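Observations on chain architecture
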Amino acid sequence: MGVMSAAAPAERYRAISPAEFFYKYREIAGFSNPARALYQAVREFVENALDATDSHGILPNIKIIIEKADENREFYRVTVEDNGIGLPPHVVPEAFGRVLFSSKYILRQTRGMFGLGAKVAILYGQMTTGRPVEVITSQPNLRRIYYFKLRIDINKNEPIIIERGSWRKNRDWHGTIVSMTLEGDWSRAKQRIKDYILRTAVVTPYANIVFMTPDGEIYYYERVIDKLPRPPKEVKPHPYGVDLELMKRIRDGGSFSTVKEMLMKSFQGIGKVTASSLLEIAGISPDLSPKSLSDRQLLELVNAMKNYKRFRAPTSEALSPLGEEVIKAGLKRIYEPEFVEAVTRKPSAYQGHPFIVEVGIAFGGKVPLSSDKYPTLLRYANKIPLLYDEGSDVSTAVVKEDISWDQYLVKLPAPIIVLVHICSTKVPFKGVGKESIADVKEIRNEIKLAIQEVARRLRVYLSKKLKEEEKKKRVVSLAKYVPEIVRALTIILGDGQGVKAELLEEKLVEIVSLRTGIPKDEVHNVVKSVEIGV
Amino acid sequence: MAISSVDKYARQKSLEILREKFALVAKRILEGKKPVLVMPKRVLSNTIYDMNKKLLLLGPEMKRRSLLDVNEARKFMQTLLMASIIYEALVNDEYPTIRDLYYRGKHTISYRDISGKLHHENTWDEQRESDAVIRDIEVFLGVLREEMLILSKEKGKVVGNLIIKSGDDVIDLSRMGHGAYAIEPTPDLIEFKDIDAEFVLVVEKDAVFQQLHRYGFWKKYKAILITSAGQPDRATRRFVRRLSEELKLPIYILTDADPYGWYIYSVFKIGSITLSYESERLATPNAKFIGVSMTDIFGEEEAAKNINKLASIFGKEIKEVISKPKKKAYLSEKERRNYIIKAKKKDVERAVELIGYDVADKLIRNPEIKKYIRQKKLGVSGYPWFRTPEWIKEISIFFSKLAKLEIEAMASKGLKFLADTYIPTKIETGDWID
């Protein structure tokens, strides 16, 4: 060491707090400019609000308000209110005022992974406007409502409580209201934010969502279904998904007397027999204390686990798919399509991570026209809409390359939307933006199978519709001549001499209707629309 | 305007049939039955060559034109529309031409489809369409358009020692100066008053007609001289037929020596495919093909060279017609070189349609043409009325020589030759094809 330090340049190292780190590197969390920051802040708070409700069996009522907070500067106050489980008052300062404090360290599917985003938003707001964050919260079993005004001490990574208070509940309210001010760019962010909320509304038909914009617009998405998606359960990690870092954390964090016990209690699918054979492969004695294991031994263990062939597939209990009913209700709520179908695939796994693919297709109605290359795509990962980087997403590759749409009677451009939801305890995002999913073979295949299954139902519908249209076209091609024929016959036979024009027309309509199976009044409408020129 | 009584009667009769036929259509509709028009099929497959009558006739096949058939609905409407226009013209004492009828019936039908989109459609677009509908009405009613007082452009011309009454005027066809009498579209309304002629000569070419007329051919030989100016129209055919049937005059047809000329002759004699429903009235079964024949150009020896090849198709009987060459050519070797024209591919194709692929394949020597015809016409069977020994002889020379000749060439040799030698000799010696 001494030799080393003598040769090393005289640089000063100091630890920085996570708060300071994120303050300096806020781009990573998506706060690179005012427009992006406003969008990101809305996202973080909306996702927290949904996690606080639907994951706990509560039908969400979410209210989002963005308002101009300063006459001269581009300051915006973002308020998100939910009717979720609320927070115990003593954790509020920590939850909002210390980076990396979160309930989201357990392994289950949640929208945000570490609850980091909200705190970066608060940091960003504090940095750009100097204004504190306000939190009002109460839990179902509490009698009081609690109020906090907070700031983050960036250097110490500590919350500073500016104001706090509480009052008695006089109605049965629970939930959280977060309100913060930041510098933003509404005019450049508004399309994204509206898109984001619309797409969120597509997959949350069980939620009432109210959105008020600085322009005075109010968007209201009313609840159309009382069914919630199955809430995710906490599960232990699957051995295939393990790496050295995770192993170290388990070794250091647990209080196990033997390695064997550590394996059996920390992972799914490892019992006595499996634990023994794994340790034998790794060449580690089962009775050793975990604390005594070297990193090298841990690595041997990780390799043994990765190469072991007889594990059961990972459990999907940690996953919370939307379910076919929710997807259909959601697409209906927004697009009022003439056709809508959805499928939730059976759980599958890649590299030890369970995942479920869900696909919904909406056709016709208010569904906007797609491009002529592929259907309009709505992508979701763990119920979060993905808005950016569509071109590099695995779902885009599938709808463009793996599915030939004309085979399903879809002639692009068409009023068609394909919704793809991937839920997993570890979604293989591409890059730090978390806006597109990587092309993982297992996932790509599941997406393809899911789309094919729903598209087959679409084909059945479209072919039926086509036949019906053919029939109607046929009627038009006959009925349009009726007035000319009636006119000609009455000229030759003389109106009044027993041949009445009205009667002839009536009879012809009847005959056409009878022979084609199209209702009389539809035939009548065509006949009535005819005008004979000169 | 004074309407002749002949016209009046024709009108009344046509109106009655129209009312009667369409009353049945209306009756079916009022009974809730499928609206249909039943009429003979006017297609090649339903055109029959009657060997005994030597006529092209409409076969027994009927088509049912139904309003409920998507492919027929438009035609159904057009037929009724046309019938109503003809009806109105008859009632109003009018004489519309087929072009008038086209314009009177042409208008737009505007309608909305199920989705409410507005469409416009013309009742018909081209005159071809409305002309076809007129022919349909003729076969549907069993009434010819002349009987419905529908006119068409005059094409045929006639001169000669013949006095006719047309309308209320008496016309002497020998006093037309250098001009001629245009054969009217309703030749049935002509009355023959007086005649001093021994035969009728029909010339395909208007120019040759004029030359013979000025030369005084018809005066000198007591002929009625007629031209169809190309493909004969209905009026000219009907007029020729009446001369043959009512005045018992022999009819001689003079055309170019090429497949089109031969077909013109056959239209006069046995009828045409598109108008086969009228053959009984328009065709002249006694008409004779006087020339210009291939043997007149090349002599009969030329045909004799083909005898064995033809016998392989038609058997030994054919030898009796061809084997003994009697006739010499009318043209010298030098004249031939000057007057004949090389046949075009289109001419050869048309000839194959008339006589059949087998004959062409046996006789054409030019390998390029042979190959071309094989690609285009393999398996074509020919019209039965051309597969007679005389025509086989004619057309076989065409195939082996691949040459054709226009009548003007005979006139070029000298109008005197055409008028005073060629035609009279042919008639006197009975050198024609019947």
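All values reported here derive from a predicted model rather than from experimental measurement.

**Regarding the overall build of chain A**
Summing up its helical and strand segments, chain A has 16 helices and 15 strands in all. Its C-alpha atoms give chain A a radius of gyration of 31 Å, more than 25% over the compact-globule value 24 Å for 534 residues. Projecting the C-alpha coordinates of chain A onto the three principal axes gives extents of approximately 125 × 65 × 55 Å. Looking at chain A as a whole, 52% of its 534 residues qualify as buried. A separation threshold of at least 6 residues defines the contact pool for chain A, and within that pool the share at least 24 residues apart is 72%. When the accessible surface of chain A is split by element, carbon and sulfur atoms take 51% of a total near 25,200 Å². Each charge class in chain A can be summarised by its mean position, and for the 81 positive and 66 negative side chains these summaries are 4 Å apart.

**Description of the sheet that holds strand 2 (residues 75–82) of chain A**
Residues and elements named next belong to chain A. Strand order in this open sheet of 8 strands is 5-4-3-6-2-1-7-8, and the pairing throughout is mixed. Looking at strand neighbours, the two that pair on one side only are strand 5 (158–168) and strand 8 (218–221), the edges of this open sheet. Sheet twist, expressed as the mean angle between neighbouring strand axes with direction ignored, is 10 degrees. Bridge count for strand 2 against strand 6 (residues 175–183) is 8 bridges, and the pairing is antiparallel. Its bridge partner lying in strand 6, Val78 is registered against Met180. The strands touched by helix 3 (residues 34–53) within the sheet are strand 1 (61–68), strand 2 and strand 6, with strand 2 carrying the most contacts at an inclination of about 10 degrees.

**Quick word on the interface of chain B and chain A**
At the interface, 35 residues of chain B touch 30 residues of chain A. The contact between chain B and chain A buries some 3,100 Å² in all, and 75% of this surface belongs to carbon and sulfur atoms. In this assembly, chain B and chain A are joined by 1 salt bridge. Where Glu121(B) meets Lys480(A), a salt bridge forms, and the shortest distance between an N and an O atom there is 2.6 Å. Applying the counting criterion to the chain B and chain A interface returns 8 residue pairs in polar contact (both at pLDDT 80 or more). Counting residues per element, the ones that place at least two in the side of chain B that touches chain A are helix 1 (5–30), helix 2 (70–91) and strand 5 (108–112) of chain B.

**Details of the confidence of the model for chain A**
When pLDDT is averaged across chain A, the result is 86; 90% of the residues are at 70 or more. Per-residue pLDDT stays below 50 along residues 1–11 of chain A; that stretch engages in 0 contacts with residues further than four places along the chain or on separate chains.

**Considering helix 4 (residues 127–141) of chain B**
Given 3.6 residues per turn, any residue in an α-helix points the same way as the ones three and four places further on. With 15 residues, helix 4 of chain B extends 21 Å from end C-alpha to end C-alpha; this agrees with the ideal 21 Å at 1.5 Å per step. In the segment just after helix 4 of chain B, Gly142(B) is the residue with positive phi, at about 70 degrees.

**Some points on the nonpolar core**
If you look at the biggest cluster of nonpolar residues, it comprises 94 residues, and the most contacted ones within it are Leu201(B), Leu212(B), Ile226(B), Trp262(B), Val348(B), Phe399(B) and Ile423(B). Of the residues forming this core, the biggest block, 7 residues, is contributed by helix 8 (residues 259–270) of chain B. Composition of this core by domain shows at least three residues from each of domain 2 (157–291) and domain 3 (294–404) of chain B. In this structure, Ile226(B) is in contact with Lys157(B), Val158(B), Ile183(B), Val200(B), Leu201(B), Val202(B), Val203(B), Phe209(B), Thr236(B), Phe239(B), Val240(B) and Leu243(B), ignoring residues within four places of it in sequence. Counting residues in each nonpolar core, the second largest holds 67 residues, with Val78(A), Tyr196(A), Val203(A) and Val367(A) among its members.

**Some words on the sheet that holds strand 13 (residues 223–227) of chain B**
All names here are of chain B. The strand order 10-7-13-12-14-15 describes an open sheet built from 6 strands, whose pairing is mixed. The open sheet has two edge strands, strand 10 (181–182) and strand 15 (288–291), and neither has a second partner. Sheet topology places strand 14 (residues 251–254) next to strand 15; 3 bridges connect them, and they run parallel. Residue pairing for strand 15: Ile253 is matched across the bridge by Phe289. Along the sheet face, helix 7 (residues 234–247) touches strand 7 (157–160), strand 12 (199–203), strand 13 and strand 14 and points at about 165 degrees away from the line of strand 13.

**Some details on the pairing of strand 9 (residues 169–172) of chain B**
Residues and elements named next belong to chain B. One ladder, built from 4 bridges, connects strand 8 (residues 162–166) with strand 9; its direction is antiparallel. When the bridges of strand 9 are listed, Lys165 appears paired with Val170. A loop of 2 residues connects strand 8 with strand 9, the two strands running antiparallel in sequence, and Gly167 in this loop sits at a positive phi of about 65 degrees.

**Describing the side chain of Ser276(B)**
Residue and element names in this part refer to chain B. Looking at where Ser276 falls in the secondary structure, it is placed in the loop between helix 8 and helix 9 (279–282). The exposure class assigned to Ser276 is buried, which follows from its relative accessible area of 2%. Discounting residues that sit within four places of it in the chain, Ser276 has contacts with Thr47, Leu56, Leu57 and Leu58.

**A look at a positive patch on the surface**
Residues and elements named next belong to chain B. The grouping of Lys309, Lys362, Arg365 and Lys370 at the surface amounts to a positive patch. Within the secondary structure layout, Lys370 lies in helix 17 (residues 367–377). The exposure class of Lys370 is partly exposed, given its relative accessible area of 30%.

**Focus on the packing of aromatic side chains**
Residues and elements named next belong to chain A. In total, this model carries 28 aromatic pairs over all chains according to the counting rule given. Geometrically, the ring pair formed by Phe31 and Tyr124 is tilted, given 5.5 Å between the ring centres and 40 degrees between the ring planes. In this pair, Phe31 is assigned in the loop between helix 2 (18–24) and helix 3 and Tyr124 in helix 5 (residues 116–129), connecting sequence segments 93 residues apart. Considered together, Phe31 and Tyr124 belong to a single accessibility category, that of buried residues. Here Tyr39 and Tyr196 contribute two aromatic rings whose centre-to-centre distance is 6.1 Å and whose plane-to-plane angle is 90 degrees, an arrangement assigned as edge-to-face. One end of the pair, Tyr39, is in helix 3; the other, Tyr196, is in helix 6 (residues 186–203), with 157 residues separating them in the sequence. In terms of burial, Tyr39 and Tyr196 fall into one category: buried.

What counts and how
- By convention here, each chain's residues receive numbers from 1 onward along its written sequence.
- The naming scheme follows written order: chains are lettered A onward, ligands numbered 1 onward.
- With pLDDT at 70 or above as the cut-off, local features in this predicted model cover only qualifying residues; side-chain atom pairs require 80 or more to be listed or tallied, and sums for whole chains, interfaces and linings still use all residues.
- Working from all heavy atoms in the structure, the side-chain values ignore hydrogens and water.
- Secondary structure is summarised from DSSP: a helix means a run of H or I of at least four residues, a strand means a run of E of at least two, and numbering begins at the N terminus for each.
- With the radius of gyration taken over C-alpha atoms, the globule rule is written as 2.2 Å times the number of residues to the power 0.38.
- Exposure is judged per residue with a 1.4 Å probe applied to protein chains only, and the accessible area is read against the type maximum: over 50% gives exposed, under 20% gives buried, and values in between give partly exposed.
- Contact definition: two residues touch when any of their heavy atoms are within 4.5 Å.
- With residues, only the protein chains shown are counted as cover, and all accessible areas are computed by Shrake-Rupley using a 1.4 Å probe.
- His is not counted, nor are the chain ends; Lys and Arg add positive charge and Asp and Glu add negative charge.
- Just so you know, the charge point we use is NZ for Lys, CZ for Arg, CG for Asp and CD for Glu.
- Note on pairing: two strands pair once DSSP finds at least 2 bridges between them.
- Only the stretch in contact is used when fitting a helix axis, every axis being a line fitted to C-alpha atoms; angles between N-to-C directions are given from 0 to 180 degrees.
- Defined here as a combined quantity, buried area equals the accessible surface (1.4 Å probe) lost by two parts on assembly, summed across both.
- One side-chain nitrogen of Lys or Arg within 4 Å of one carboxyl oxygen of Asp or Glu is enough to make a salt bridge.
- Counting of polar contacts relies on pairs of N or O atoms within 3.5 Å, with two restrictions inside protein: one atom must be capable of donating a hydrogen and the other of accepting it, and residues adjacent in sequence are counted only when both atoms are side-chain atoms.
- Residue-level confidence of the predictor is summarised by pLDDT, bounded by 0 at the bottom and 100 at the top.
- Expected helix span is given by 1.5 Å per residue-to-residue step, counting one fewer step than there are residues.
- To form a nonpolar core, buried Ala, Val, Leu, Ile, Met, Phe, Trp, Tyr and Cys residues must be joined to one another through side-chain atoms within 4.5 Å.
- Bear in mind that the domain bounds are from an automatic or database domain assignment.
- Only residues whose relative accessible area exceeds 30% and that take part in no salt bridge are eligible for patches, with like-charged residues grouped when within 9 Å of each other and nonpolar side chains (Val, Leu, Ile, Met, Phe, Trp, Tyr) grouped when within 5 Å.
- Aromatic pairing here means that ring centres of Phe, Tyr or Trp (its six-membered ring) are within 6.5 Å. Orientation follows from the plane angle: under 30 degrees is stacked, over 60 is edge-to-face, and everything else is tilted.

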